[in-house]
Amino acid sequence: MSKYDVIIIGAGIMGAATAYELAKKGYKVVVIEKNAQAGTGSTAGSCAIVRAHYSTYQGVAMAYEGFFYWLNWEDYLGVKDPEGMARYMNCGSILLKTKGHNYRKVLEHFRAAGVKHEEWTLEQLRENMPLYNHKAWWPPSRPEDTPDYWDREPTDTIDGAVFTPESGYVDRPDLATRNMIHAAKAHGAELMTGRRVVQIHREGNRVQGVSLDNAERIDAPIVVNAAGPHSFIINRMAGIEEGMRIKTRALRHEVHHVPSPPGFNFEHDGYHTSDGDNGIYFRPCVNNTILVGSEDPKCDPQEWIENPDVFNREVTDAQWAAQVSRLVRRFTNMSMPEKKMGFAELYDVSDDWIPIYDKSDLDGFYLCIGTSGNQFKNGPVVGYCMSELIDRCEKGQDHDADPVIVKAVYTGLELNMQQYSRRREINPESSFSVNG
């Protein structure tokens with residue numbers, strides 16, 4: 001039987017970041033990953049977009065703080081990974097001013113948090129991205145639901161755009177995760193791969209450790225659930241779901257790859273763009289392609305998965321037609337590609353699409369879950385916040401009664417961890433959607 005200070009379940013971006021920050025604080029940490037390598041679960045399927053527009057101030061504040069971890073990636077980690085280092089592609093983000101986003105509220109949050117941004121008129125949008133047409137298609141729809149889908153020509157236009165120059169995307173989310181594991185190991189953390197947690201041990205109301213699928217037991221007074229789409233399974237194993245007002249479940253999501261329009265290299269000259277008018281987001285991708293995903297508008301069906309180990313990873317005809325046709329609408333010279341390219345992965349979705357970064361009703365059992373497909377960008381700052389929350393709770397602070405407030409390292413903003421409580425009511429300010 002092995003003994004540690006902390007067991008982290010899951011070596012995705014959240015588990016890796018939490019391991020790194022706790023190891024820096026001197027905790028003896030082990031990360032347990034069911035796959036053969038860190039970063040190869042749902043994290044590997046992340047679009048890894050780094051943007052600041054969120055529907056709540058705290059969401060904006062955390063995301064903006066996250067910018068600076070990526071902009072200073074190698075300095076932050078303090079090590080060079082022999083496998084290579086993930087790259088931050090600082091292309092900037094365009095948030096189209098449409099009915100699909102409450103961009104006025106976003107601008108208020110930007111000003112309050114100090115997010116660098118520019119407001120563009122339609123003429124400025126045309127100058128910076130001449131390929132975008134300005135038609136307003138709201139509300140988003142699907143080819144099979146709208147008889148005049150291919151013939152309708154809107155007369156209204158969108159209102160312009162908001163540009164954030166410090167945003168972009170990470171080229172290899174899987175590699176970024178392994179970079180963090182490498183940095184955590186430099187501070188004494190350990191990684192155990194190819195093993196599943198099958199039991200959570202407790203004594204009274206205190207967690208004691210876990211058992212693995214090879215019958216090995218590992219003891220620790222602190223266990224962190226960072227199991228991504230499997231998080232609800234781990235919570236049930238620990239017996240803590242009843243104490244949560246906000247719960248999580250797994251949602252299947254498709255992402256598609258589309259060739260750039262003729263005569264334009266979107267890989268090098270494109271921007272990450274959030275198009276709420278069409279219910280999609282898209283960004284530059286390798287081989288001069290565009291990566292496009294759904295922002296979960298009402299017209300797109302949601303496929304909830306009961307068993308996260310069994311789901312269809314292939315692109316479906318219907319979702320391909322819906323997402324890609326809405327992308328084609330936004331460009332002035334793009335047609336539907338003949339070949340379908342893309343993949344499907346799972347999101348670990350909370351009831352209001354805002355994550356749960358919290359303690360639980362079981363002493364020593366912590367939650368870093370419900371990332372809802374939009375939190376990869378926040379991984380490093382979440383790791384720091386979780387390390388602070390865990391450290392303070394273990395030293396006696398009652399986070400439920402006296403919420404942990406973390407002062408952000410780079411921006412100095414106050415990050416109130418109560419926003420991410422398991423006991424919160426569903427947040428009505430949430431967009432209940434995803435953007436990479």
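Engineer: Which residues make up the overall build of the protein chain, and what values go with them?
Structural biologist: A tally of regular secondary structure across the protein chain gives 10 helices and 24 strands. Computed over the C-alpha atoms, the radius of gyration of the protein chain is 21 Å, within 12% of the 22 Å expected from 2.2 N^0.38 for a compact globule of 436 residues. Here the C-alpha coordinates of the protein chain stretch approximately 65 × 45 × 45 Å along the principal axes. Classification of the 436 residues of the protein chain by burial places 62% in the buried group. By sequence separation, contacts in the protein chain at least 24 residues apart represent 74% of the contacts at least 6 residues apart. By element, 46% of the accessible surface of the protein chain is carried by carbon and sulfur atoms, the whole surface being about 16,900 Å².

Engineer: Please give an account of the packing of aromatic side chains that cites residues and values.
Structural biologist: Per the stated rule, a full pass over the model turns up 20 aromatic pairs. Taking 6.2 Å as the distance between ring centres and 40° as the angle between the ring planes, the aromatic pair formed by Trp73 and Tyr76 counts as tilted. Within this pair, Trp73 and its partner Tyr76 are both found in helix H3 (residues 73-77), separated by three residues, close to a single helical turn. The burial state of Trp73 is the same as that of Tyr76; both residues are buried. Pairing Tyr357 with Tyr420 gives two aromatic rings, centres 5.2 Å apart and planes at 45°, and the pair type is tilted. A residue pair is termed long-range when its members are at least 10 positions apart, and Tyr357 in strand S21 (residues 356-359) and Tyr420 in the segment after strand S24 (414-416) qualify at 63 residues. Across the pair, exposure class does not vary: Tyr357 and Tyr420 are buried alike. Linked through ring pairs, Tyr20, Tyr64, Phe67, Phe68, Tyr69, Trp70, Trp73, Tyr76, Phe376 and Tyr410 together constitute an aromatic cluster. It is Arg51 that lies over the ring of Tyr54; its NZ or CZ is 4.2 Å from the centre. The side chain of Arg329 reaches across the aromatic face of Tyr149, ending 3.9 Å from its centre.

Engineer: Can you lay out the pairing of strand S16 (residues 272-275) for me, pointing to particular residues and giving the numbers?
Structural biologist: The alternating pattern of S16 places His272 and Ser274 on one face and Thr273 and Asp275 on the opposite face, and all of these are buried. In terms of strand pairing, strand S6 (residues 93-96) meets S16 through three bridges, oriented parallel. Looking at S16, one finds that Ile94 is bridged to Thr273. One ladder, built from three bridges, connects S16 with strand S17 (residues 280-285); its direction is antiparallel. If you follow Ser274 over to S17, its bridge partner there is Tyr281. Between S16 and S17, which pair antiparallel in sequence order, lie four residues; one of them, Gly279, sits at a positive phi of approximately 70°.

Engineer: Report on helix H7 (residues 231-238), specifying residues and quantitative values.
Structural biologist: Listing the buried residues of H7 in full gives Ser231, Phe232, Ile234, Asn235 and Ala238. Looking straight down H7, one finds that the buried residues subtend no more than 160° of arc, so they occupy a single side.

Engineer: Describe helix H9 (residues 317-330), with residues and values.
Structural biologist: With 14 residues, H9 ought to run about 20 Å at 1.5 Å a step, and its terminal C-alpha atoms sit 20 Å apart, in line with that. Most of H9 sits out of view: 11 of its 14 residues are buried. Residues Gln319, Trp320, Ala322, Gln323, Val324, Ser325, Arg326, Leu327, Val328, Arg329 and Arg330 constitute the buried set of H9. Buried positions along H9 lie against S6, strand S15 (248-259), S16, S17 and strand S18 (289-294).

Engineer: Break down the side chain of Arg178 for me, with residues and values.
Structural biologist: Residue placement: Arg178 occurs in helix H6 (residues 173-186). Excluding residues that lie within four positions of it along the chain, Arg178 makes contacts with Gln37, Ala38, Gly39, Thr40, Asp81, Glu83 and Arg172.

Engineer: So what's going on with unusual backbone geometry? Residues and values would help.
Structural biologist: The omega angle of the peptide bond from Trp138 to Pro139 is -5°, so this bond is cis rather than trans. By the secondary structure assignment, Pro139 is in the loop between helix H5 (122-128) and strand S8 (161-164). Here Asn287, not a glycine, exhibits a phi torsion of approximately 60°, which is positive. Positionally, Asn287 belongs in the loop between S17 and S18. A residue is classified by how much of its surface remains accessible, and Asn287, at 68% relative accessible area, is exposed.

Engineer: Describe the sheet that holds strand S4 (residues 49-50), listing the residues and the values that go with them.
Structural biologist: Overall, antiparallel pairing links the three strands, which are arranged S4-S9-S5 in an open sheet. The two strands at the open ends of the sheet, each matched to only one other strand, are S4 and strand S5 (88-89).

Engineer: Go over the packing of helix H1 (residues 13-24) against H6 with me, naming the residues and quoting the values.
Structural biologist: For the pair H1 and H6, the least separation of the axes is 8 Å and the interaxial angle reads 20°. In terms of orientation, H1 lies roughly parallel with respect to H6. Between H1 and H6 lies a crossing whose hand is left-handed. Between H1 and H6, the contacting residues are Ile13, Ala16, Ala17, Ala19, Tyr20 and Ala23 on the first element and Thr177, Met180, Ile181, Ala183 and Ala184 on the second.

Engineer: Please provide a residue-by-residue account of the nonpolar core, values included.
Structural biologist: Residues Ile8, Val29, Trp73, Leu77, Val170, Met180 and Tyr357 are the most contacted members of the largest nonpolar core, which totals 74 residues. Considering each element in turn, this core owes the most residues, nine residues, to helix H2 (residues 57-71). Setting aside residues no more than four positions away along its own chain, Val170 makes contact with Ala48, Val50, Trp70, Ala86, Arg87, Tyr88, Ala176, Arg283 and Phe376. Membership of the second largest hydrophobic core comes to 26 residues, among which are Leu131, Ile158, Phe163 and Tyr271.

Engineer: Describe the environment of Lys25, listing the residues and the values that go with them.
Structural biologist: Locating Lys25 in the fold gives a position in the loop between H1 and strand S3 (29-33). Each C-alpha atom, one on Lys25 and one on Phe110, is 32 Å from the other, the two residues being 85 residues apart in sequence. Lys25 has contacts with Tyr384, Ser387, Glu388 and Asp391, leaving out every residue within four places of it along the chain. Looking at Lys25, its side chain comes within polar contact range of the side chain of Glu388, at 2.8 Å.

How each quantity is defined
Residues numbered from 1 in each chain as written. Predicted model: local features only at pLDDT ≥ 70, side-chain atom pairs only at ≥ 80, totals over all residues. Heavy atoms only, no water. Helix = DSSP H or I, 4+ residues; strand = E, 2+ residues; numbered from the N terminus. Rg over C-alpha atoms; globule rule 2.2 N^0.38 Å. Buried < 20%, exposed > 50% of the residue type's maximum accessible area, 1.4 Å probe, protein only. Contact = heavy atoms within 4.5 Å. Areas by Shrake-Rupley, 256 points an atom, 1.4 Å probe, with all protein chains shown as cover. Phe/Tyr/Trp six-rings, centres within 6.5 Å; stacked < 30°, edge-to-face > 60°. Lys NZ or Arg CZ within 6 Å of the ring centre and 35° of its normal. Pairing = 2+ DSSP bridges. Arc of directions from axis to C-beta. Expected span 1.5 Å × (residues − 1). Axes fitted to C-alpha atoms, helices over the stretch in contact; angles between N-to-C directions. Parallel < 35°, antiparallel > 145°, perpendicular 65-115°, else oblique. Left-handed = near helix turned anticlockwise from the far one by under 90°. Core = buried A, V, L, I, M, F, W, Y, C linked by side-chain atoms within 4.5 Å. Polar contact = N/O pair within 3.5 Å; in protein donor to acceptor, adjacent residues only side chain to side chain.

By themselves, these figures tell us nothing about what the structure is for.
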